[in-house]
Amino acid sequence: MKGLRKTAVTLIAALLLVTMAPLAAAAQSASEQGAPPEQHYDQVVVLVLNKLGAGGEVDKFEKAGIAPHAAVILAAIAKISSQPVDEMIGLSRGGKTPQEIAEKVGADWKKVQETVAEALGFKRDNTARLQERLAKLKEKLAQAQERYQKLLQEQANHEQRIADARAKLGEITNERARYWAEQRITAMEMGLPIIKLQIERNQFVTDMLQKMIAELEAELNK
C-alpha cells in the first residue's frame, strides 16, 4: 500500500510538471539514445488510464517512450476529443505541448485538467463536499418553508382576531371601555405589518436557498 501511495503522489507531481514542458521530451531523449527509456506503468497508472478509456493503450505509450504522467494527459485529451491515442502520441513526439495538442484536436484545456483530476479521484472529494453542502441547504430550505407556512397561518389568525375585535365594538356600550377596545385593535393592527415583513423576509430567504440549491445541483450534474 505504501508503494501505491508513493506512486500516486509521484504521478500527481509529474502531472503538474507536464503542463509546463513538451510531452515529447522523453520520446526525443529516447530517440537520441537509440532506444526508448524504460517506463514504469505500474497498477496505479494503469488504473488511471483505464478510467480515461486508454487502459488497453499502455503498450503504445511504452513503445513510444511516453512517460506515465504524460500518457495520462494524452489519454484525457484523446477521450475529450474522441480522437485515437495514436494521433496524440504522434503529436507529442512532434514536440507539441499539452495545451497545443488539446487546441489542435479541439479539446478544452480546462476540461482536460478536470478530466485528469476526476481520474485521480479529486472530483469525487469535491463532489462529496458539494453533496454535503447541498444536503445542508435543503435542510435549511425545508425549515424556511415550514416557517413560511407558520407565518401565513399567524397572519390569518391575527387578521381574524382584529376582525372579531372590531365586530364586538358595537356591543360595547361603555364609552371608556369602547375607547380601550379601539386602542387594543390599533395595537393589533400595528403588529400586522411586522408579520407581513417577516413573511416577505422568509420568502426572500426561501428564494435565495432555492437558487443556491439549483446552482449546486447544476455543478454536481456537470
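Quantities reported herein were computed from a predicted structural model and do not represent experimental measurements.

Chemist: Tell me about the overall build of the protein chain, and please be specific about residues and values.
Modeler: For the protein chain, the count of helices and strands is 10 helices and zero strands. The order of helices and strands in the protein chain, counted from the N terminus, is α-α-α-α-α-α-α-α-α-α. Per-residue burial for the protein chain yields a buried fraction of 33% across its 222 residues. For the protein chain, the share of sequence-separated contacts (at least 6 apart) that also reach a separation of at least 24 residues comes to 73%. Accessible surface, the protein chain: about 14,000 Å² in total, of which carbon and sulfur atoms supply 53%.

Chemist: Now, about the packing of helix α5 (residues 68-81) against helix α7 (residues 98-105): what can you tell me, with residues and values included?
Modeler: At a minimum axis distance of 10 Å, the contact between α5 and α7 shows a crossing angle of 15°. Here α7 runs roughly parallel to α5, going by the angle between their axes. The hand of the α5/α7 crossing is right-handed. Between α5 and α7, the residues in contact are I73, L74, I77 and S81 and P98, I101, A102 and V105, respectively. Across the contact of α5 with α7, the residue classes tally to seven nonpolar, one polar and no charged.

Chemist: Summarise the confidence of the model for the protein chain; cite the residues concerned and give the values.
Modeler: Averaged over all residues, the pLDDT of the protein chain equals 81, while 80% of them reach at least 70. Taken as a whole, residues 1-9 scores under 50 in pLDDT and shows five contacts with residues more than four places along the chain or in a different chain. Low pLDDT, under 50, characterises residues 16-38; the predicted model gives this stretch 38 contacts beyond four residues in sequence or across chains.

Chemist: Which residues make up the side chain of S92, and what are the values?
Modeler: Position of S92 among the secondary structure elements: in helix α6 (residues 85-93). In this structure the side chain of S92 is engaged in a polar contact, spanning 2.7 Å, whose partner is the backbone oxygen of I89.

Chemist: Outline the pattern of salt bridges, listing residues and values.
Modeler: Overall, the coordinates contain seven salt bridges when judged by the stated rule. In this structure, K60 and E57 form a salt bridge, with 3.2 Å as the shortest nitrogen-oxygen distance. Under the relative-accessibility criterion, K60 is labelled partly exposed at 37%. With a closest N to O distance of 3.4 Å, E217 and K138 form a salt bridge.

Chemist: Talk me through helix α10 (residues 175-220); I want residue IDs and the actual numbers.
Modeler: End to end, α10 covers 68 Å across 46 residues, agreeing with the expected 68 Å (1.5 Å per residue, within 8%). Turning to α10, its buried residues number three or more, namely A181, I185, M188, G191, L192, I195, I199, N202, T206, L209, I213 and L216. Measuring from the side-chain oxygen of the N-cap residue of α10 to the backbone nitrogen of R176 gives 2.9 Å; that N-cap residue is N174.

Chemist: Tell me about the packing of aromatic side chains, and name the residues and values.
Modeler: Under the definition given, this model contains one aromatic pair. Judged by centre distance (5.0 Å) and plane angle (75°), the ring pair of Y179 and W180 falls under edge-to-face.

Chemist: Residues and numbers for the packing of helix α3 (residues 43-51) against α5, please.
Modeler: For the pair α3 and α5, interaxial distance at closest approach is 9 Å and the crossing angle is 10°. In terms of axis orientation, α3 runs roughly parallel to α5. Here V45, V48, L49 and K51 of α3 lie close against α5, whose contacting residues are P68, A71, V72, A75 and K79. Its residues placed into classes, the contact of α3 with α5 shows seven nonpolar, no polar and two charged.

Chemist: Give a detailed account of the nonpolar core, specifying residues and quantitative values.
Modeler: Grouped together as the largest cluster of nonpolar side chains are 31 residues, with contacts concentrated most on Y41, L49, F61, I66 and I77. Looking at this core element by element, the count peaks at nine residues for α5. Y41 has contacts with V46, L49, V58, F61, E62, I66, A67, P68 and A71, leaving out every residue within four places of it along the chain.

Chemist: Could you give me a rundown of α5, with the residues and numbers involved?
Modeler: If you check α5, its first and last C-alpha atoms are 20 Å apart, about what 14 residues at 1.5 Å a residue would give, namely 20 Å. Counting buried positions over the 14 residues of α5 gives 11, a clear majority of the element. If you check which residues of α5 are buried, you get P68, A70, A71, V72, I73, L74, A75, A76, I77, A78 and S81. Looking one or two residues past α5, S82 carries a phi angle of roughly 60°, positive in sign.

Criteria and cut-off values
Here, residues in each chain are numbered from 1, in the same order as that chain's written sequence. Side-chain atom pairs in this predicted model are given and counted only at pLDDT of 80 or more, local residue features only at pLDDT of at least 70, and totals for whole chains, interfaces and linings cover all residues. Values reported for side chains reflect all heavy atoms of the structure, with hydrogen atoms and water molecules removed beforehand. For the purposes of this entry, the term helix denotes a DSSP run of H or I that reaches at least four residues, the term strand denotes a run of E that reaches at least two, and both are numbered from the N terminus. Think of it in three bands: residues with accessible area under 20% of the maximum for their type are buried, residues over 50% are exposed, and the middle band is partly exposed, with areas taken using a 1.4 Å probe on protein chains only. Residues are treated as being in contact if the distance between any of their heavy atoms lies within 4.5 Å. To be clear on the numbers: accessible area is Shrake-Rupley with a 1.4 Å probe, and residue cover counts the displayed protein chains and nothing else. To define axes, lines are fitted to C-alpha atoms, for helices over the stretch in contact only, and angles between the resulting N-to-C directions are given on a 0 to 180 degree scale. An angle below 35 degrees is read as roughly parallel, one above 145 as roughly antiparallel, one from 65 to 115 as roughly perpendicular, and any other as oblique. The handedness criterion is simple: a crossing whose near helix is rotated anticlockwise from the far helix by less than a right angle is left-handed, and one whose near helix is rotated clockwise is right-handed. Classification convention: Asp, Glu, Lys, Arg as charged; Ala, Val, Leu, Ile, Met, Phe, Trp, Tyr, Cys, Pro as nonpolar; all other residues, Gly among them, as polar. Scored from 0 to 100, pLDDT reflects the predictor's confidence in each residue. Definition of a polar contact: a pair of N or O atoms within 3.5 Å, with one able to donate and the other able to accept a hydrogen when the atoms are protein atoms, and with sequence-neighbouring residues admitted only if both atoms are side-chain atoms. Salt bridge, as used here, is a side-chain nitrogen of Lys or Arg placed within 4 Å of a carboxyl oxygen of Asp or Glu. Given the number of residues in a helix, its expected span is that number minus one, multiplied by 1.5 Å. In this analysis, rings of Phe, Tyr and Trp, with Trp reduced to its six-membered ring, are considered paired at centre separations within 6.5 Å, and the interplanar angle assigns stacked below 30 degrees, edge-to-face beyond 60, and tilted for intermediate values. In these notes, a set of buried Ala, Val, Leu, Ile, Met, Phe, Trp, Tyr and Cys residues joined through side-chain atoms within 4.5 Å is what counts as a nonpolar core.

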